[in-house]
Amino acid sequence: MKLWEGRFDAPTAADADAFNESLSFDKKLWRADITASVAHATMLGKCGIITNEESDAICAGLKAICADIEAGTLAVEGQEDIHSFVENELVSRIGQTGKKLHTARSRNDQVATDFRLYARGAADRAVDALKALVTVLLARAKETSKYIMPGFTHLRKAQPINCGQYFNAYSEMFLRDIDRFHSLRARMNVMPLGSAALAGTSYPIDREMTRALLGFDSVSQNSLDAVSDRDFVAEYLFCASLAMAHLSRLCEDTILYTSDEFGYWVIPDAYSTGSSIMPQKKNPDIPELVRGKTGRVYGHLMGILTTIKGLPLAYNKDLQEDKEPFFDAETTLENCLAIYTALVKELAFNVNAMFEAAGEGHSTATDVADYLAKRGVPFRDAHAATGRLVRYCIEHNKTLPSLTLEEFRLASPVFEEDILSAVTTRASAEGRTSVGGSARQAVMDGIVSLRKRLRQY
Ligand code: ARG
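All residue numbers refer to positions counted from 1 along the written sequence of the respective chain. Restriction of local features to residues with pLDDT of at least 70 applies here, the model being predicted, together with a cutoff of 80 or more for giving and counting side-chain atom pairs; totals for whole chains, interfaces and linings are based on all residues. Side-chain numbers here rest on the full set of heavy atoms in the structure, without hydrogens or water.

A.B. asks: Help me understand a nonpolar patch on the surface, please; the structure alone is not making it clear to me.
C.D. replies: Only residues whose relative accessible area exceeds 30% and that form no salt bridge enter a patch; like-charged residues are grouped when within 9 Å of one another, and nonpolar side chains (Val, Leu, Ile, Met, Phe, Trp, Tyr) when within 5 Å. In this description, accessible areas are obtained by the Shrake-Rupley approach with a 1.4 Å probe, and a residue is regarded as covered only by the protein chains that are shown. For salt bridges, the criterion is a side-chain nitrogen of Lys or Arg within 4 Å of an Asp or Glu carboxyl oxygen. A cluster of nonpolar side chains, namely Leu198, Leu224 and Leu313, defines an oily patch on the protein surface of about 270 Å² accessible area. The topology assignment puts Leu313 in the loop between helix 11 (285-308) and helix 12 (323-346). Buried residues are those whose accessible area, probed at 1.4 Å on protein chains only, stays under 20% of the maximum for their type, while exposed residues exceed 50% and partly exposed ones sit between those limits. You can call Leu313 exposed: its relative accessible area is 64%. What counts as a helix is a DSSP run of H or I of at least four residues, what counts as a strand is a run of E of at least two, and both are numbered from the N terminus.

Right under this line is the structure:
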């Protein structure tokens, strides 16, 4: 039965029904819908809007429906949307009393409430998945803090860095994502129920009671806004997009660093694939797919922003388009985070290749300039003198650490014997003791700080 058939002479056309329906995807909201309906019916009973017996019968009926869906004995199908499905099922089970459930509410405040309940869970799951990833990144950072790798700017070797510092950089990004999902959850935890279709209701409802039953922090303060607000969907999609951007950068690094050209890391066999024609290939399909799926999540963000931009107040059916992008982004984000957590756990390192590469490209030139500047040479002059040394190295096919003191002195008389130990790859990384720098102690301090911040969520 249609929820609204009273006013109509003729049934809707089959193709219009098929076009209009949302049950095929909003069935995901079944638990949220039943939970919100139980709270609503309880409140209606306590406020004397329906009798306690009616309220009890409705709640018992709803809970039985919930148990049957959970057990897989009740198929969620055959209605326009999840709200119609649950209500029709209730009426078919408990009869006329079931028809009182929809007193003092509309599907407009109902769907807004259900979706927030659902999205709240999705935000919690995103936080948990990100926490699992950061936990693995921190373990890898600790383990690899013994290793030196090249640090890049402009994808050109810049300075040697501590490998643990590299992983800590991603932990910082994902920790910001955790914080974003966490604060988004607090912002979305406002209850629209009680706004009815758009203008509120004339029944003596107790919104505070349903709020407490459903675990919302507060109730919405404007019914027109409450039924049409989908900011939380856009915000979730933005948070998911940024988390995917961070993951995609990690994927890009993985693809580069595990290539023959770089050869710093090894993707575990269990997380790579071969080629159907080229027997030698070991392809980074998983990082590539995660990088690719990032575009899809961005697309959903653009989609919802575009859907809401021209809507007149209050509810419009356009808003039914909020769910599929959300569900797809949620699945994509959760799957990508899970697979990448597993992959990072198994990454292997070519320790020597990373170390050798870190010393290439005159990557300790900054340390040479700093050596001079610390001994009174203005940094700009120290930079120029070191530039001359680098040119000398290029012309004579030498490296900075292989130069003799006499050769250093060609560029400046300030150099002493101790330049020879200051210009090595390890000394370069170890010398960067500033907070957050690449010295091993700074990396270990970074791990302690990240662990502490992670525990807040
Ligand atoms: N399926 C609808 C949605 O997702 C439920 C609300 C329907 N409300 C209405 N006035 N037709 O938005």
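A.B. asks: Please clarify how the site of the ligand should be interpreted in this entry.
C.D. replies: Inspection of the region around the ligand gives Ser22, Asp26, Asp81, His83, Arg107, Asn108, Val111, Tyr315, Gln320 and Lys323 as its neighbouring residues. Pairing of N or O atoms within 3.5 Å defines a polar contact, subject to two protein rules: one partner must be a possible hydrogen donor and the other a possible acceptor, and residues neighboring in sequence count only if both atoms are side-chain atoms. At a separation of 3.1 Å, a nitrogen atom of the ligand approaches a polar side-chain atom of Ser22. Contact distances for the ligand include 3.0 Å between a nitrogen atom and a side-chain N or O atom of Asn108. In isolation the ligand exposes 350 Å². Once the protein is present, 87% of that is buried. The nearness test applies per residue and asks whether one of its heavy atoms lies within 4 Å of the molecule or strand.

A.B. asks: Can you help me understand the pattern of salt bridges in this one?
C.D. replies: Opposite charge on two side chains lets them pair, provided their charged atoms get close. What the rule picks out here adds up to 26 salt bridges. Here Arg31 makes a salt bridge to Glu70, at a shortest N to O gap of 2.6 Å. One end of the pair, Arg31, is in helix 3 (residues 30-46); the other, Glu70, is in helix 4 (residues 52-71), and 39 residues separate them in sequence. The class for Arg31 is partly exposed, based on a relative accessible area of 41%. Residue Glu70 is classed as partly exposed on the basis of its relative accessible area, which comes to 49%. Note that Arg93 is salt-bridged to Asp68, the shortest N-O span being 2.8 Å. Of this pair, Arg93 sits in helix 5 (residues 82-94) while Asp68 sits in helix 4, and the two are 25 residues apart along the sequence. Using a relative accessible area of 24% as the deciding quantity, one classes Asp68 as partly exposed.

A.B. asks: Explain the layout of surface pockets to me, please; I cannot follow it from the model alone.
C.D. replies: Any empty space left between the atoms is revealed when a probe the size of a water molecule rolls over them. Using a 1 Å grid laid over the protein atoms alone, points where a 1.4 Å probe fits but cannot get out form a cavity; open sets with protein on both sides within 12 Å along at least 5 of 7 lines form a pocket; any residue with an atom within 4 Å of a point counts as lining. Grid points are joined across faces, edges and corners, and a volume is the space filled by probe spheres set on the points. Approximately 410 Å³ is the volume attributed to the largest pocket. Lining of the largest pocket is provided by 18 residues; of these, Phe152, Tyr166, Arg249, Asp253 and Tyr257 occupy positions nearest its centre. Contributions of two or more residues to the lining of the largest pocket are made by strand 1 (148-153), strand 2 (156-162), helix 7 (163-188) and helix 10 (231-257). Gly counts as polar in this scheme, as do all residues outside two lists: the nonpolar Ala, Val, Leu, Ile, Met, Phe, Trp, Tyr, Cys and Pro, and the charged Asp, Glu, Lys and Arg. Tallied by class, residues from the lining of the largest pocket come to 12 nonpolar, four polar and two charged. Reported here for the second largest pocket is a volume of approximately 330 Å³. Every residue lining the second largest pocket is counted, 14 residues in all, and those nearest its centre are Thr258, Ser259, Asp260, Lys282 and Asn283. Partitioning the lining of the second largest pocket into residue classes produces five nonpolar, five polar and four charged.

A.B. asks: Sorry if this is basic, but what is going on with the packing of helix 7 against helix 10 here?
C.D. replies: If you want to describe how two helices pack, look at the angle between their axes and the distance between the axes. Interhelical geometry of helix 7 versus helix 10 gives an angle of 170° and a closest axis separation of 9 Å. When the axes of helix 7 and helix 10 are compared, the pair comes out roughly antiparallel. Between N-to-C directions, angles span 0 to 180 degrees; the directions come from axes that are lines fitted to C-alpha atoms, helices contributing only their stretch in contact. Any angle from 65 to 115 degrees is called roughly perpendicular, while one under 35 is roughly parallel, one over 145 is roughly antiparallel, and all others are oblique.

A.B. asks: What's the story with a positive patch on the surface in this structure? I'm lost.
C.D. replies: Within this scheme the basic residues Lys and Arg register as positive and the acidic residues Asp and Glu register as negative, but His and the chain ends are omitted. Where a charge lies is defined by one atom per residue type: Lys uses NZ, Arg uses CZ, Asp uses CG and Glu uses CD. A grouping of Lys142, Arg451, Lys452 and Arg455 is seen on the molecular surface, where their side chains present a positively charged patch. Inspection of the secondary structure assignment puts Lys142 in helix 6 (residues 107-144). Given a relative accessible area of 45%, Lys142 falls into the partly exposed group.

A.B. asks: Where do I start with helix 11 in this structure?
C.D. replies: Because an α-helix completes one turn every 3.6 residues, residues spaced three or four positions apart along the sequence face the same direction. Helices are assigned an expected span. That span is 1.5 Å times one less than the residue count. Compared with the 34 Å implied by 1.5 Å per residue over 24 residues, the 35 Å span of helix 11 between its first and last C-alpha is a close match. Turning to helix 11, its buried residues number three or more, namely Ile286, Pro287, Val290, Thr294, Val297, His300, Leu301 and Ile304. Looking at the packing, one finds that the buried side of helix 11 touches helix 10 and helix 12. The contact definition used throughout considers only heavy atoms, calling two residues in contact when any of these lie within 4.5 Å.

A.B. asks: Can you walk me through the pairing of strand 1 in this structure?
C.D. replies: One bridge is not enough; two strands pair if DSSP finds at least two bridges between them. Note that strand 1 and strand 2 share six bridges and pair antiparallel. Each bridged residue has a counterpart across the sheet, and for Thr153 the counterpart in strand 2 is Arg156. Counted between consecutive antiparallel strands, the loop separating strand 1 from strand 2 contains two residues, among which His154 sits at a positive phi close to 55°.

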